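# Close look at the chain arrangement
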Amino acid sequence: MKIVHYPHPSLRQKAEPVTQLSKDIQILAEKMLELMYEHNGVGLAAPQVAQPLRMIAINFVGDPEQKDQELIAINPVIIEASKTIIDDREGCLSFPNLFSRVRRPKRVKVQFYNLKGELMEGVFEDLAARIWQHEIDHLDGVLFIDKMGTVGRDASKRALKEFEEAYYEAQKNGEIPKDLTPRF
Ligand code: CO
């Protein structure tokens, strides 16, 4: 399992709710955390490992030693967002080395299930709120390039073209399997 990069079609799929906390889901959660840490991320959504499921891994400080900052969220939803908007820089593990300012609500209230199937709720601010919004967007096939302002989008044009060329080259060389069916 590996992190897929733009423009892999999995990133544009709307993910399906997780209906059962099976052993496969537990294994997927562990693999997602592993990959997130390996790539120094603070969040990773299942569509980024080509699994169209509503499931995300987060570590708010990106530190594998700080387990109290780590969580797996199943079927997360934002139930409230602040009117206050923050404009800040962010990146995405599916767009290596591309960063841009994105405007997002400063504070969100989130509901999700943990791996034990317990319903959890929390209010998050600033970077933590940004991580939730970025990851939940992934579950709907929405990417941070969709939310950049015109300046960010213009600045990213060349990088996006390079991602596209790399992807089509890998596809031509047979490095990207055409079958995207999840192995569950
Ligand atoms: Co991302």
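Preceding this paragraph is the structure being described.
Residues numbered from 1 in each chain as written. Predicted model: local features only at pLDDT ≥ 70, side-chain atom pairs only at ≥ 80, totals over all residues. Heavy atoms only, no water.

### Considerations on the pairing of strand S6 (residues 107-113)
Residue alternation in S6 divides its side chains into a buried set, Val108, Val110 and Phe112, and an unburied set, Arg107, Lys109, Gln111 and Tyr113. Alignment of strand S3 (residues 70-81) against S6, held across five bridges, turns out to be antiparallel. Looking across to S6, one finds that alanine 81 is bridged to valine 108. Note: S6 against strand S7 (residues 119-125), seven bridges, orientation antiparallel. For glutamine 111, the partnering residue across the bridge sits in S7 and is glutamate 121. Between S6 and S7, which pair antiparallel one after the other, the connecting turn spans five residues, and glycine 117 there sits at a positive phi close to 85°. (Buried < 20%, exposed > 50% of the residue type's maximum accessible area, 1.4 Å probe, protein only. Helix = DSSP H or I, 4+ residues; strand = E, 2+ residues; numbered from the N terminus. Pairing = 2+ DSSP bridges.)

### Observations regarding the sheet that holds strand S1 (residues 43-45)
Spatially, S1-S2-S3-S6-S7 is the arrangement adopted by the five strands of the open sheet, whose pairing is antiparallel. Of all the strands in the sheet, just S1 and S7 have a single pairing partner and so form its edges. Recorded for the sheet is a direction-independent mean angle of 40° between the axes of neighbouring strands. With five bridges joining them, strand S2 (residues 55-59) and S3 adopt antiparallel strand pairing. (Axes fitted to C-alpha atoms, helices over the stretch in contact; angles between N-to-C directions.)

### What to know about helix H3 (residues 150-172)
Between its terminal C-alpha atoms H3 stretches 32 Å, which fits the 33 Å expected from 23 residues at 1.5 Å a residue. Maximum bend of H3: about 45°, positioned at lysine 157. Within H3 the residues assigned to the buried category are Gly152, Ser156, Leu160, Phe163, Tyr167 and Ala170. Directly after H3, the chain includes glycine 174, whose backbone phi takes a positive value near 75°. (Expected span 1.5 Å × (residues − 1). Bend = angle between axes of the 7 residues up to and from the residue.)

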